[in-house]
Amino acid sequence: MAFWNRNKAEKRSFENPDTAISNENILKMFGMDALSSAGVPVTINNAMGVPAVMAAVQFLSGTIAGLPLNVFEKTVDGRQKMQSGLQNILHDAINEETTSFDWRKYLMERVLTGGRSITYIEKTKTGKITNLFSIDPSKVAIERTDNKKTYVYSNGSAKPITYKASEIIDINFALESDGLTSISPILNSKDAIGLMIAVTSYGAKFFNNGGVPPFVVTGKFETGNALKRASQDLSKAIKEASIEKNLALTLPMNHDIKPIGADPEKSQMVEAKRFQIEEIARIYSLPPVFLQDLTHGTFSNTEQQDLHLVKHTIRRWITQIEQELNLKLFGRDNNQTYVEFNVDGLLRGDFSSRMAGYATGIQNAILKPNEARAAENRPSDTMGDDLLIQGATVPLGSQQMAEEPTQPTNENTEDE
């Protein structure tokens, strides 16, 4: 079943008069949302102040941005990497101001926070691609009319610019049921992130108060002003004692203080923060070790988490990006040219493991020696362009049988 009515026009725009200003889509577009269950408003900006969220976004965006991205052509001799044109744009610099690394990092940062990244494809009149330009997703309204999707960009000018879907590289985290609206992982997980913000904020206030938890002052006060003045004096005395490192605090005669609220240790703040790190790891499908959480990490399972990262997280993202680039850059009917990320660097392992893998590939005619040398950034050899195989590997039963040696004879033996 399709997401939309083929003959119905749908819009997601600030200018839509049928959309209330308090509508969730409007708040999401501005990076805001309602209060989380912890009573803390969650926005993209304050969520990035949570160390686990910042680590997840920066790790994933930096890792994907650092992967080599190349353009290949299919030929009768196999695939060949292009040496100019679009290869230079995707591999080196998408325009005169932006490197390919910076573009891909920005792309993933927008996807992993707001839920969408949009890039405009600049072409000549003949259809040749000359540049790519990132566009702020919050300034784009996505519309669908007669089953055609368009992107309306309002950059502050008098007249918005409308782009066809074929002119836009659109990468999203996930889509809602309308097939247009993107889902922000931060705003969609506001309760988990809001709890982390609340815990961090409580800890900051606790230590800002000299490590003294909130308390009430008990005793006899003549007037309300006296009560207010005593409260202010005690708060000031506690902060001064913390600065001057005084261990004693004097109280008025016949007065006492009693703590209120939860004790940080009893409320398991440390355990709560550790659990929230695991929650953030779940949101981004990241093994916890990549958020610097080695609580349950061992030498063996950390290595397996490294493989999990490439197989189940990085592979998902690069497949989505590759298919979007192939569709928008080369068209649906093209089957000769394509882009591809190289993830070999993530799987290189230690030196001994790499050498053993190369040796196995060469001995079984999977790799040419020069291919293995190129993977290690070593110069090619004149004898390294042939596929090799061990000569001793033959079908069972076809091996040569060794001839039995003949017994030597002594011609000079005398007759008995």
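Treat the numbers as computed from the prediction; the structure is a model and nothing was measured.

Basis of the calculations
Residues numbered from 1 in each chain as written. Predicted model: local features only at pLDDT ≥ 70, side-chain atom pairs only at ≥ 80, totals over all residues. Heavy atoms only, no water. Helix = DSSP H or I, 4+ residues; strand = E, 2+ residues; numbered from the N terminus. Buried < 20%, exposed > 50% of the residue type's maximum accessible area, 1.4 Å probe, protein only. Contact = heavy atoms within 4.5 Å. Areas by Shrake-Rupley, 256 points an atom, 1.4 Å probe, with all protein chains shown as cover. Core = buried A, V, L, I, M, F, W, Y, C linked by side-chain atoms within 4.5 Å. pLDDT = per-residue confidence, 0-100. Axes fitted to C-alpha atoms, helices over the stretch in contact; angles between N-to-C directions. Left-handed = near helix turned anticlockwise from the far one by under 90°. Nonpolar A, V, L, I, M, F, W, Y, C, P; charged D, E, K, R; others polar. Patch = residues over 30% accessible without salt bridge, like charges linked within 9 Å, V, L, I, M, F, W, Y side chains within 5 Å. Salt bridge = Lys/Arg side-chain N within 4 Å of Asp/Glu carboxyl O. Lys, Arg positive; Asp, Glu negative; His and termini not counted. Charge placed at Lys NZ, Arg CZ, Asp CG, Glu CD. Phe/Tyr/Trp six-rings, centres within 6.5 Å; stacked < 30°, edge-to-face > 60°. Lys NZ or Arg CZ within 6 Å of the ring centre and 35° of its normal. Pairing = 2+ DSSP bridges. Polar contact = N/O pair within 3.5 Å; in protein donor to acceptor, adjacent residues only side chain to side chain.

Novice: Sorry if this is basic, but what is going on with the overall build of the protein chain here?
Specialist: Each helix and strand counted, the protein chain has 12 helices and 12 strands in total. Sorting the 416 residues of the protein chain into buried and exposed places 33% on the buried side. Sequence separation of 24 or more characterises 61% of the internal contacts of the protein chain that already satisfy a separation of 6 or more. Approximately 27,000 Å² of the protein chain is accessible, and the part contributed by carbon and sulfur atoms is 53%.

Novice: How should I be thinking about the nonpolar core in this particular structure?
Specialist: Soluble globular proteins: nonpolar side chains tend toward being buried together. Formed by 52 residues in total, the largest nonpolar core has its most connected members in Val53, Leu90, Leu132, Ile186, Ile193, Ile280 and Tyr284. The contact partners of Leu90, leaving out residues within four places of it in the chain, are Leu69, Val71, Ser100, Trp103, Arg104, Leu132, Leu329 and Val339. Of all hydrophobic cores here, the second largest spans 10 residues; its members include Tyr120, Ile142, Tyr153 and Tyr163.

Novice: Before we go on, may I ask you to explain the confidence of the model for the protein chain in this structure?
Specialist: As a general rule, the predicted coordinates of low-pLDDT regions are not to be interpreted in detail. Of the residues in the protein chain, 66% reach a pLDDT of 70 or more, and the chain-wide mean stands at 78. The low-confidence segment residues 1-8 (pLDDT under 50) makes 13 contacts with residues lying over four places distant or belonging to another chain.

Novice: Mind showing me how you'd approach the packing of helix 3 (residues 51-65) against helix 5 (residues 100-113) here?
Specialist: Relative placement of two packed helices is described by the angle separating their axes and the distance separating the axes. Contact geometry of helix 3 with helix 5 gives a least axis separation of 8 Å together with a crossing angle of 145°. Two packed elements cross with a definite hand, and for helix 3 against helix 5 that hand is right-handed. Along its contact with helix 3, which presents Val57, Gln58, Leu60, Ser61, Gly62, Ile64 and Ala65, the element helix 5 presents Phe101, Arg104, Lys105, Met108, Glu109, Leu112 and Thr113. Residues of the contact of helix 3 with helix 5, tallied by class, amount to seven nonpolar, four polar and three charged.

Novice: Which parts of the structure should I look at to understand a negative patch on the surface?
Specialist: Where like charges cluster on the molecular surface, the negative patch consists of Glu371, Asp381, Asp385 and Asp386. Judged by relative accessible area, which is 39%, Asp381 ranks as partly exposed.

Novice: Sorry, what's going on with the packing of aromatic side chains here?
Specialist: One pair of aromatic rings is described through two measures. These are the centre distance and the angle between the planes. A full pass over the atoms with the stated rule returns four aromatic pairs. Summarising the aromatic geometry, the rings of Phe173 and Trp317 are spaced 5.9 Å apart at their centres and angled 45° between planes, so their arrangement reads as tilted. Here Phe173 is found in the loop between strand 9 (168-172) and helix 6 (185-188), whereas its partner Trp317 is found in helix 10 (residues 299-330), with 144 residues between them in sequence. Overall, Trp317 belongs to the buried group, its relative accessible area being 3%. One Lys or Arg, Arg79, reaches over the ring of Phe72 and ends 3.9 Å from the middle of that ring.

Novice: Quick question: what am I supposed to make of the sheet that holds strand 12 (residues 337-341) here?
Specialist: Pairing between the strands of a sheet is mediated by backbone hydrogen bonds and can be parallel or antiparallel. Taken together, three strands build an open sheet; the order of strands is 3-2-12 and the sheet is antiparallel. Both outer strands of the open sheet, strand 3 (78-81) and strand 12, are each paired with one neighbouring strand and no more. If you compare each strand with its neighbour and ignore which way they point, the axes differ by 40° on average. Where strand 2 (residues 69-75) and strand 12 come together, five bridges link them in antiparallel fashion. Bridge pairing in strand 12 places Asn70 opposite Glu340.

Novice: Help me out: how do you make sense of the pattern of salt bridges in this one?
Specialist: Oppositely charged side chains may form a pair once their charged atoms are brought near each other. Tallying each qualifying case throughout the model produces six salt bridges. Across the pair Glu279 and Arg282 runs a salt bridge, and its minimum N-O distance is 2.6 Å. Here Arg282 and Glu279 lie together in helix 9 (residues 269-283), a separation of three residues that amounts to about one turn. In this structure Arg282 comes out as exposed when scored by relative accessible area, which is 52%. We note a salt bridge from Lys328 to Glu324, for which the minimum N-O separation is 2.7 Å. Of this pair, Lys328 and Glu324 both sit in helix 10, four residues apart, which is roughly one turn of that helix. Since its relative accessible area comes to 13%, Lys328 is described here as buried. When salt bridges that share partners are traced, they join Glu278, Glu279 and Arg282 into one network.

Novice: Explain the sheet that holds strand 9 to me, please; I cannot follow it from the model alone.
Specialist: Strand order in this open sheet of three strands is 5-4-9, and the pairing throughout is antiparallel. Only two strands of the sheet have a single neighbouring strand rather than two, namely strand 5 (129-135) and strand 9. Adjacent strand axes in the sheet meet at a mean angle of 20° when their direction is disregarded. Pairing of strand 4 (residues 116-123) with strand 9 involves five bridges; the strand directions are antiparallel. In the sheet register, Tyr120 faces strand 9, and the bridge partner there is Ile168.

Novice: In this structure, what is going on with the environment of Leu90? I would like to understand it.
Specialist: Looking at the secondary structure, you find Leu90 in helix 4 (residues 86-91). For Leu90, a relative accessible area of 0% gives the class buried. Counting along the chain gives 42 residues from Leu90 to Leu132, while the straight-line C-alpha distance between them is 8.9 Å.

Novice: What is the right way to look at the pairing of strand 5 in this model?
Specialist: A regular strand carries its side chains on alternate faces of the sheet. Here six bridges tie strand 4 to strand 5, and the two strands are oriented antiparallel to one another. Bridge assignment links Ile118 to a residue of strand 5, and that residue is Ile135. Following strand 4, the chain reverses through five residues before pairing antiparallel with strand 5; Gly127 in that reversal takes a positive phi of roughly 95°.

Novice: Is there a simple way to explain the side chain of Thr181 in this structure?
Specialist: Along the chain, Thr181 turns up in the loop between strand 9 and helix 6. Its relative accessible area of 11% is what places Thr181 among the buried residues. Separated by 2.8 Å, the side chains of Thr181 and Asp178 make a polar contact.

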